[in-house]
Amino acid sequence: MRTVQPATTDEGDGAVLCLRDVAFGDVSALLARYDLQLAHVEADTPIPGSYWGDPEAGVIGATVYARDDTPVHSLLHEACHLIVLPPQRRVLVHTDATDSVEEEDATCYLQIVLADALPGVGSERLMGDMDAWGYSFRLGSTRAWFERDAEDARSWLQQRGLLPALAA
């Protein structure tokens, strides 16, 4: 079983990779592949649709909202919540994308895979940031879950054609 909760509200200390640390255009292009938009939120402005509150990413419809201090893992996580949803459910999302364990697990798996598509991020860094933030998995780490306990999430994504070729 996996649970998620933020370890801290102050992530601007360099502990995790933030949007300011990567090229906005790269992230925007990645999301566009899935018909999602990335909206930049100005500093010190509340992030629309943020489930955990600032600086965590927010989702409303097909848009992911993020500030420069938004952790990349949060941005990818929220984007992947939208990616795993069918279009008719995606348009209804505001702040909380799902209460489905299967969708949550698929979201976590996909965010790790998509991290490899972002220059300067990669799955290794993202898994470390997920651990630092407070994701918890029954095997003790994101890496252990991804490598040894995520077959159901992988299968769920494969059955829906949601895994990019690099992960298939």
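Small disclaimer: the values here were computed from a predicted structure and weren't measured.

Trainee: Quick rundown of the confidence of the model for the protein? Include the residues and the values.
Mentor: Here the protein averages 89 in pLDDT, and 89% of its residues register 70 or above. Residue range residues 1–12 is modelled with pLDDT below 50. Its contacts to residues more than four positions away, or to other chains, number 32 contacts.

Trainee: Talk me through the side chain of His-81; I want residue IDs and the actual numbers.
Mentor: Looking at the secondary structure, you find His-81 in helix 2 (residues 72–84). Non-local contacts of His-81, meaning those with residues more than four positions away in its chain, are made with Ala-97, Thr-98, Glu-104 and Thr-107.

Trainee: Talk me through helix 7 (residues 151–159); I want residue IDs and the actual numbers.
Mentor: What sets the pattern is the α-helix's 3.6 residues per turn: residues three or four places apart point alike. Along helix 7, the residues that are buried comprise Ala-153, Arg-154, Trp-156 and Leu-157. Along helix 7, the residues classed as buried sweep out an arc of 160° about the axis, all on the same side. Those residues of helix 7 hidden inside the fold are in contact with helix 2, helix 4 (101–115) and helix 6 (142–148).

Trainee: Any details on the pattern of salt bridges? Residues and values, ideally.
Mentor: Tallying each qualifying case throughout the model produces 7 salt bridges. With a closest N to O distance of 3.0 Å, Arg-125 and Asp-129 form a salt bridge. Of this pair, Arg-125 and Asp-129 both sit in helix 5 (residues 122–133), separated by 4 residues, roughly a single helical turn. Judged by its relative accessible area of 33%, Arg-125 falls in the partly exposed class. According to the relative accessible area criterion, Asp-129 is buried, its value standing at 4%. Through salt bridges with shared partners, one network takes in Asp-54, Arg-67 and Asp-69.

Trainee: Can you tell me about the sheet that holds strand 3 (residues 58–60), naming the residues and giving the values?
Mentor: With mixed pairing, the 3 strands of this open sheet are ordered in space as 2-4-3. Edge positions in the sheet fall to strand 2 (37–40) and strand 3, since each of these pairs with one other strand and no more. Pairs of neighbouring strands in the sheet enclose a mean axial angle of 30°, with direction left out of account. Taken together, the 4 bridges between strand 2 and strand 4 (residues 63–66) define a ladder with parallel strand orientation. Residue pairing across strands places His-40 opposite Ala-66, the latter belonging to strand 4. Of the strands in this sheet, strand 2, strand 3 and strand 4 are in contact with helix 2, which crosses strand 4 at around 165°.

Conventions used here
- Residues numbered from 1 in each chain as written.
- Predicted model: local features only at pLDDT ≥ 70, side-chain atom pairs only at ≥ 80, totals over all residues.
- Heavy atoms only, no water.
- pLDDT = per-residue confidence, 0-100.
- Contact = heavy atoms within 4.5 Å.
- Helix = DSSP H or I, 4+ residues; strand = E, 2+ residues; numbered from the N terminus.
- Buried < 20%, exposed > 50% of the residue type's maximum accessible area, 1.4 Å probe, protein only.
- Arc of directions from axis to C-beta.
- Salt bridge = Lys/Arg side-chain N within 4 Å of Asp/Glu carboxyl O.
- Pairing = 2+ DSSP bridges.
- Axes fitted to C-alpha atoms, helices over the stretch in contact; angles between N-to-C directions.

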